[in-house]
Amino acid sequence: MAAAESEAEAQQLISRLGKQLKASKTCPNKDSLVKLLKEAVIALGKFKQLKSLNSVIQPLSDSLVKHGMLQHKDKDIRILVATCFCEIIRVLAPDPGFSDDVFRDIFKLLQSIFAETGDYKSPYFSRRVKLLETVAKLNFCVLMLDVGCEDLILKMFKIFFSAVREQHPQSVINAMSSIMARILEDKLEEKDLEPLIFQEKFSEPLLDVILQNLLKESKGGSGGFARLAVSVIQNCNEKLERCICTFLRSCILNRESIGSELKEWYHDILYEIFQSAPQMLVSVIPSLSHELLTDQVDVRIKALNLLRKCFSLPGHKIAEEYHNLFMDFLNRFTDKSAEVRLCALSCGKALYANNPSGTGSSQILKLESRLLDFDDRVRMQAVSIVCDVSRLQIGSVTNELISQVADRLRDKKVSVRKKALQKLLELYQDYCTKCVGDIKMHFEQIPCKILMLCYDKDCKEFRPQSLEYVLAEDLFPVSLSVEERTNHWIFLSSLFTPLHVKALNAILSQKRRLRNALQAYLHLRVNEEEIGSDEMERNTKALFKKMSALFPDPAEAEECFYELNQINDDDIFKMLADLINVGDALSTRDNLLRKIGDQSPLFEFLRLLSSKCLLNIFSSRHVSYILDHLTFDTSVRHTKLDYSPLLLLSAIISAFPSLLRSSEEKFRQLLADKDIPFNEQLIQFLAKEGSNISIRLSDCYNFLERVRLEGTQAEAKLAVSAIAALSDSSEQVIVPNLCKTSCTIKKHSEQCLKSSLTTDANKSANLNLTLSKSADASRIWIEGLQKTSHQEVHSAGTVEVGNESSVDNQHEIHASVISESIMGKERVGSSCDSVATKPALGLNEDFPSCLQERDMNMTYNSNTDKVAKLSTANHKKANLAKENKDKGEASDVEHQQMRASTHYSNDGENSSVHSKRETSGACDSDCEGNSLKKTKFFAEEIPLAAAENTKKIRRSKVAASKAINVNKDMIAWRTRRQKV
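Residues numbered from 1 in each chain as written. Predicted model: local features only at pLDDT ≥ 70, side-chain atom pairs only at ≥ 80, totals over all residues. Heavy atoms only, no water.

A.B. asks: So what's going on with the packing of aromatic side chains? Residues and values would help.
C.D. replies: Evaluation of the coordinates by the stated rule reveals 20 aromatic pairs. Here phenylalanine 114 and phenylalanine 160 contribute two aromatic rings whose centre-to-centre distance is 5.8 Å and whose plane-to-plane angle is 40 degrees, an arrangement assigned as tilted. Taken together, the residues span a long stretch of sequence, with phenylalanine 114 in helix α5 (residues 100–115) and phenylalanine 160 in helix α8 (residues 150–163) at a distance of 46 residues. Phenylalanine 160 matches phenylalanine 114 in its accessibility class, with the two residues each being buried. Relative to tyrosine 562, the ring of phenylalanine 544 has its centre 5.1 Å away and its plane inclined at 85 degrees; by these criteria the two rings are edge-to-face. (Phe/Tyr/Trp six-rings, centres within 6.5 Å; stacked < 30°, edge-to-face > 60°. Helix = DSSP H or I, 4+ residues; strand = E, 2+ residues; numbered from the N terminus. Buried < 20%, exposed > 50% of the residue type's maximum accessible area, 1.4 Å probe, protein only.)

A.B. asks: Requested: an account of helix α10 (residues 206–216), with residues and values cited.
C.D. replies: With 9 of 11 residues buried, α10 lies mostly within the body of the structure. Among all positions of α10, only Leu206, Leu207, Asp208, Val209, Ile210, Leu211, Asn213, Leu214 and Leu215 are buried.

A.B. asks: Give me the nonpolar core: which residues, what numbers.
C.D. replies: Judged by nonpolar contacts, the single largest core of 224 residues is most densely connected at Leu110, Leu248, Phe329, Trp489, Phe667 and Leu704. The element contributing the most residues to this core is helix α4 (residues 75–92), with 12 residues. Counting 36 residues, the second-largest nonpolar core is a separate cluster that includes Ala520, Leu543, Leu592 and Ile596. (Core = buried A, V, L, I, M, F, W, Y, C linked by side-chain atoms within 4.5 Å.)

A.B. asks: Give a detailed account of the side chain of serine 289, specifying residues and quantitative values.
C.D. replies: Secondary-structure assignment places serine 289 in helix α14 (residues 288–292). Within the structure, serine 289 has its side chain in polar contact with the side chain of aspartate 328 (distance 3.1 Å). For serine 289, the residues in contact, after removing those within four places along its chain, are Asn324, Leu325 and Asp328. (Polar contact = N/O pair within 3.5 Å; in protein donor to acceptor, adjacent residues only side chain to side chain. Contact = heavy atoms within 4.5 Å.)

A.B. asks: Quick rundown of the packing of helix α25 (residues 464–474) against helix α27 (residues 498–526)? Include the residues and the values.
C.D. replies: Their axes nearest at 9 Å, the elements α25 and α27 cross at an angle of 95 degrees. With respect to each other, α25 and α27 are oriented roughly perpendicular. Contacts from Pro464, Gln465, Leu467, Glu468 and Leu471 of α25 reach α27 at Leu504, Ile507, Gln510 and Lys511. (Axes fitted to C-alpha atoms, helices over the stretch in contact; angles between N-to-C directions. Parallel < 35°, antiparallel > 145°, perpendicular 65-115°, else oblique.)

A.B. asks: So what about the pattern of salt bridges? Which residues, and what values?
C.D. replies: Summed over the entire model, instances satisfying the criterion amount to 32 salt bridges. Ionic pairing is found between arginine 377 and glutamate 339, a salt bridge with its closest N-O pair at 3.4 Å. With arginine 377 in helix α21 (residues 376–392) and glutamate 339 in helix α18 (residues 338–354), this pair connects stretches of sequence that are 38 residues apart. Its relative accessible area of 37% is what places arginine 377 among the partly exposed residues. The closest approach of N and O atoms between arginine 408 and aspartate 411, which form a salt bridge, is 2.5 Å. For the pair formed by arginine 408 and aspartate 411, the shared burial category is buried. A cluster of three or more residues bridged by salt bridges with shared partners is formed by Lys349, Asp388, Arg391, Lys423, Glu426 and Asp430. (Salt bridge = Lys/Arg side-chain N within 4 Å of Asp/Glu carboxyl O.)

A.B. asks: Please set out the environment of aspartate 119 residue by residue, giving values where relevant.
C.D. replies: Counting through the fold element by element, aspartate 119 comes out in the loop between α5 and α6 (125–138). Separated by 46 residues in sequence, aspartate 119 and arginine 165 have C-alpha atoms that sit 9.0 Å apart.

A.B. asks: So, the side chain of lysine 263: which residues are in play, and what are the values?
C.D. replies: For lysine 263, the location among the structural elements is in the loop between α12 (238–253) and α13 (266–276). Looking at lysine 263, the relative accessible area reads 17%, which means it is buried. The contacts of lysine 263, once residues within four sequence positions are left out, are Phe247, Cys251, Arg255, Glu256 and Ile258.

A.B. asks: Would you mind going over the packing of α13 against helix α15 (residues 297–311) in detail, with residue names and values included?
C.D. replies: Interhelical geometry of α13 versus α15 gives an angle of 15 degrees and a closest axis separation of 10 Å. It follows that α13 is roughly parallel to α15 by the angle criterion. You can see that α13 and α15 cross each other, and the crossing is right-handed. On α15, the residues that touch His267, Asp268, Leu270, Tyr271 and Phe274 of α13 are Lys302, Ala303, Leu306, Lys309 and Cys310. (Left-handed = near helix turned anticlockwise from the far one by under 90°.)

Below, the structure is given as structure tokens:
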């Protein structure tokens with residue numbers, strides 16, 4: 001009842017307002033008009049949709065048209081008038097009774113108001129949005145189609161896209177898209193036409209406007225027009241969907257038949273629609289196979305680029321839903337065009353990165369053939385993809401594929417090798433970070449392959465000068481602890497071959513040589529006043545040339561050295577000296593670079609030079625962890641890792657003995673371990689650096705003695721040299737043990753010779769080898785003892801700093817030939833790399849000139865033949881005695897053998913001149929015709945400072961000579977026995 005009364009009152013109000021406006025000959029003033037229109041809006045809002053209300057409303061509507069309210073300029077009045085007409089159209093729908101001209105004026109008014117919705121900060125914004133929502137809700141914009149206002153429709157579409165903003169609420173986007181979608185649907189249903197976009201007579205069809213604005217976002221535009229276009233497409237019905245799909249399929253299959261300019265951008269349109277409404281393109285996506293199989297390379301590339309973008313979208317299932325298309329895509333990996341293969345690889349990477357566990361992801365990684373592609377660009381792309389995919393999920397790529405990627409470090413193209421090095425380093429760093437404590441062999445192969453680049457002479461980036469920086473700065477992530485780095489190095493050493501060890505030694509040797517040369521240069525600068533200018537210039541030039549050869553670009557480095565030499569700031573050179581001698585070198589390096597300034601032309605050079613001077617590949621902490629691993633980690637004993645850390649340790653401390661300074665106690669425990677395997681390089685280190693490290697002979701004598709007795713002849717020689725290097729005046733009592741061992745072997749040999757009739761040639765040969773080792777060991781010990789005594793006499797001597805050529809040459813040879821004999825080569829000590837520097841001056845050996853060193857192989861082969869012949873003759877005599885069965889004759893043979901043995905014993909004990917001559921003759925006879933290289937030891941009297949040392953040396957020489965004579969007498973006796 002109340003609603004009816006309210007509606008009746010509203011009718012009366014509308015009738016009164018209509019008469020009032022109709023009676024007015026002119027338009028009322030603004031205030032009166034605004035008040036009147038507000039009352040009309042309220043009253044019209046109370047009406048229901050009734051055709052019978054036409055008579056009540058018509059006077060008001062006619063008066064609004066009569067006074068030109070549809071063209072009013074005031075914003076308040078325009079919004080109120082537009083609202084009134086919207087309510088009138090709602091109440092009188094479907095036929096409000098307006099003429100076409102009035103309808104056009106109404107729609108123009110609405111469009112002008114909608115165009116102002118872009119000003120979302122205006123106080124009228126909420127009223128404009130409400131009007132927009134009312135129009136969208138009533139759907140009376142479709143009336144524009146009935147009155148032939150298609151031009152206004154097109155204009156309204158453009159107004160919507162120009163007015164929409166990112167800041168607009170979703171309600172505004174929904175209202176605009178609802179109006180446009182409804183107009184498009186009614187237009188298609190009314191005329192039942194093919195897509196408007198195919199009609200060339202329309203210069204800008206409605207759908208064209210929507211799709212153009214859909215592309216603006218992909219072209220870098222800003223605003224909400226893309227949101228609006230997507231909303232229109234998402235809200236479209238089946239007919240509009242068919243229209244869009246027909247257009248896209250026509251562009252794919254027969255693009256020339258399309259009249260719209262949008263045919264050039266159909267891939268972008270397809271991608272934008274695939275993002276917002278992928279279900280719409282179910283009938284379009286399979287058509288892309290046509291482009292993948294076409295003969296035109298550019299078309300195939302565009303299709304692959306589209307697939308790459310689609311593969312990158314999260315949640316897509318192209319591989320599962322479009323299997324045939326996916327198989328056609330995989331076939332592009334073997335396309336005849338290299339550009340197409342590159343695009344296909346890029347697509348595969350996007351697919352795997354977005355969905356690693358997807359159905360088609362495993363097939364993407366079948367890139368073995370692309371790693372061997374004849375085009376270097378494809379190989380580089382394949383390397384990048386495998387490494388990047390593996391970084392996404394460590395362990396997702398097979399071990400074989402990682403190994404094949406690492407093999408590209410040996411590619412024939414330098415560009416491929418560089419790319420492989422870069423990507424493999426990134427992969428290895430990620431592996432070290434993500435797999436802490438979990439070492440995987442196929443990843444540890446990467447540093448091994450990188451070390452092999454040292455043998456690549458084609459590219460300066462792969463020479464040891466450059467790989468030094470790679471090992472120091474790029475191999476491990478900065479955040480990785482020293483302990484973890486050491487664990488990786490220990491495992492790496494188990495994979496090393498002699499070539500790897502040689503390459504590592506070459507890198508470490510170059511770092512040491514640069515440090516020594518730089519130290520010599522700094523010493524020259526300090527003593528510049530004491531050295532003549534000519535000599536100073538000559539020495540400086542030589543040092544600069546030597547140091548510049550250790551840089552990737554020697555010519556440029558040499559120029560920088562000369563520029564550095566012109567600097568008069570002593571603080572810079574003091575910092576360079578501290579880089580070598582001070583423990584906290586990193587802070588010194590930072591201070592140096594800060595001092596020189598990043599704007600200086602020498603900044604990059606000093607950054608590289610300081611990096612080369614730092615002990616940044618291995619430090620004392622690395623050595624300590626390796627020793628802990630060897631000494632205390634019982635879980636890895638008696639495995640293949642036992643020997644490899646020892647090789648790594650030997651390589652490090654051989655290059656930089658100073659790194660052993662804080663771990664000498666652990667090193668002594670290692671040498672005291674009975675289970676430690678023989679390591680020729682470790683023994684060689686003791687022989688070379690024995691005089692420069694603070695380790696006593698008693699700490700490692702048992703180990704060296706075991707090597708001398710149980711190792712090969714080369715190891716025995718090195719062991720005795722190490723004993724000599726570690727010996728001092730308080731530990732020269734070792735020689736009686738060596739001589740005692742020789743006498744024991746002599747007695748044992750006499751017993752063996754008495755039973756020579758029943759001894760085969762192999763046992764005799766082994767006896768000969770043992771005697772030869774004993775003689776060589778005794779002789780080498782005497783040499784070392786003489787050198788040690790001479791060092792004690794000249795302990796006050798000094799070593800010239802600039803004279804380090806022997807150091808450089810020896811360590812360069814040591815880097816290339818690990819097992820080279822160290823006899824006769826002395827190294828000048830360096831304060832920066834030695835624990836306790838002692839002078840190591842070269843001197844000649846004091847030995848009788850008639851004694852010469854015999855090679856093990858020559859002794860073994862010569863004596864084995866002689867003993868074999870002797871054994872054969874004895875067997876013949878024994879057989880003859882058996883056939884005659886004559887005990888007397890057999891006794892005679894035995895008697896002759898005993899006489900020969902007695903004669904040998906007497907000769908050995910009395911050392912008669914006659915036997916010595918025969919021994920010398922036999923020795924010379926044995927050595928004739930031997931082509932092996934022999935080292936002659938020249939006799940020269942050694943001046944000793946104390947009589948006590950002289951007596952000790954003489955007693956040692958006599959004892960050693962006796963042991964050597966035992967071997968000579970035996971050889972002479974066998975020679976005489978063979979003649980008999």
